[in-house]
Amino acid sequence: MPDSRGLVILTGAGISAESGLETFRSSDGLWAQHRIEDVCTPQALMQNPQLVHGFYDARRAALATVESNPAHHALARLDAAWTGDLLIVTQNVDDLHERAGAQRMLHMHGQLNSTLCAHCGDQSPWRGDMPVGAQCRACGAPALRPDIVFFGEIPYDMDRIETALSQADLFVSIGTSGAVYPAAGFVRMARAYGAQALELNLEPSEGSAWFDECRHGPASLLVPAWVDELLA
Ligand code: BV8
């Protein structure tokens, strides 16, 4: 009898660390080099658009030089083989899950390879640097911005996420510090609906106490082993 449990898998910067992308809160992480207020808020975009566009241009350029790692590939393999409901909710703005083949997924904090028109709300694919005041192809306004959910902005797909959490039998959190809401609260929501909760992370996170089980180590080792276990 195939396992038909509903899975929700939350991923954070830690799943992409071994691909060579920087995380946020390690000692030399992204936020160590830039104050959040300076690059990831609507106010920052208003006051210093060049700095904000430059920050995301640099990360978009770095993304083009790295590859998905065994953790991304293991989740894509699980997505393809799992007969029950499955949703990968990533906080990451990289495309490494997609490049590994994941299908049933969403980016709750936006994507580097996408642009958002601040005037009409159109979202379109974007590669390369994004100049300040670039013209929207849908409405023509010079109002394109990085398609990133800044602090103080509402994450994408919250209804879809909450529905999935309410139906999940197993919630798995991979490579996230549990520092940012509403993502950091998903484990509590899933458990309130009766799900089991598993954390796979390099070290204990701010939310570890909410999990039934925590496994500590690099995602490239923990995630393939967990997927093998699940599909056995
Ligand atoms: C909102 C943009 C309203 C893209 C990001 C006070 C209390 C509670 C909440 C708040 C508060 N004050 C303000 C808030 C709200 C605020 C918030 O949570 N602030 C925090 C700082 C307290 N949140 C918001 O503003 C959000 N919006 O609340 O709107 C609302 C909400 C719901 C419904 C209606 C209205 C918007 C937040 C989104 C901000 N944008 N990113 C980008 O630039 O990338 S946040 C950014 O940091 C990431 O996207 C991610 O979400 C977040 C956390 O980062 P992580 O992915 O966890 O990375 P981190 O470096 O922190 O941790 C990495 C982990 O990996 C570590 O644990 C490490 O040990 C592990 N690791 C490292 N290497 C490995 C590894 N694990 C395994 N293997 C390895 N090799």
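Residues numbered from 1 in each chain as written. Predicted model: local features only at pLDDT ≥ 70, side-chain atom pairs only at ≥ 80, totals over all residues. Heavy atoms only, no water.

Undergrad: I'd like a rundown of the side chain of Ser173, residues and numbers included.
TA: The topology assignment puts Ser173 in strand 7 (residues 170–174). We classify Ser173 as buried; its relative accessible area is 4%. Sequence-distant contacts of Ser173, defined by excluding residues within four places in its chain, comprise Leu10, Leu198, Glu199, Leu200 and Phe211. (Helix = DSSP H or I, 4+ residues; strand = E, 2+ residues; numbered from the N terminus. Buried < 20%, exposed > 50% of the residue type's maximum accessible area, 1.4 Å probe, protein only. Contact = heavy atoms within 4.5 Å.)

Undergrad: Which residues make up the nonpolar core, and what are the values?
TA: Counting 23 residues, the largest nonpolar core has Ile9, Leu75, Leu78, Ile174, Val223 and Trp226 as its most contacted members. Among the secondary structure elements, those contributing two or more residues to this core are strand 1 (7–11), helix 6 (70–81), strand 2 (86–90), strand 7, strand 8 (196–201) and helix 10 (219–231). Per-element tally for this core: the top contributor is helix 10, with six residues. Residue contacts for Trp226: discarding those within four places in its chain leaves Ile9, Leu75, Leu78, Leu170, Val172, Leu198, Leu200 and Arg215. Of all hydrophobic cores here, the second largest spans 19 residues; its members include Leu87, Ile161, Ala164 and Ala168. (Core = buried A, V, L, I, M, F, W, Y, C linked by side-chain atoms within 4.5 Å.)

Undergrad: Explain helix 6 to me, and be specific about the residues and the numbers.
TA: Since the α-helix turns once every 3.6 residues, residues separated by three or four places project in the same direction. Here helix 6 is 12 residues long and its end C-alpha atoms lie 16 Å apart, about the 16 Å a rise of 1.5 Å per residue gives. Listed in full, the buried residues belonging to helix 6 are Ala71, His72, Ala74, Leu75, Ala76, Leu78 and Asp79. Buried residues belonging to helix 6 abut strand 1, helix 1 (14–17), strand 2, helix 7 (96–100), strand 7 and helix 10. You can read the cap of helix 6 off the contacts: a side-chain oxygen lies 2.7 Å from the backbone nitrogen of Ala71, and it is on Asn69. (Expected span 1.5 Å × (residues − 1). Polar contact = N/O pair within 3.5 Å; in protein donor to acceptor, adjacent residues only side chain to side chain.)

Undergrad: Please provide a residue-by-residue account of the packing of aromatic side chains, values included.
TA: For the structure shown, the criterion picks out three aromatic pairs. Residues Tyr56 and Phe150 carry aromatic rings whose centres are separated by 6.1 Å and whose planes lie at 40° to one another, so their mutual orientation is tilted. A residue pair is termed long-range when its members are at least 10 positions apart, and Tyr56 in helix 5 (residues 49–63) and Phe150 in the loop between strand 6 (144–148) and helix 8 (158–167) qualify at 94 residues. Residue classification places Tyr56 among the buried residues on the basis of a relative accessible area of 2%. The buried category is assigned to Phe150, whose relative accessible area is 2%. With centroids separated by 6.3 Å and ring planes inclined at 25°, the aromatic side chains of Phe171 and Phe211 adopt a geometry described as stacked. A residue pair is termed long-range when its members are at least 10 positions apart, and Phe171 in strand 7 and Phe211 in the loop between strand 8 and strand 9 (213–216) qualify at 40 residues. Taking the relative accessible area as the measure of exposure, Phe171 reaches 1% and is therefore buried. The buried category is assigned to Phe211, whose relative accessible area is 10%. An aromatic cluster of at least three residues, connected via ring pairs, comprises Phe55, Tyr56 and Phe150. (Phe/Tyr/Trp six-rings, centres within 6.5 Å; stacked < 30°, edge-to-face > 60°.)

In short, the description is geometric, and any link to function would need to be established separately.
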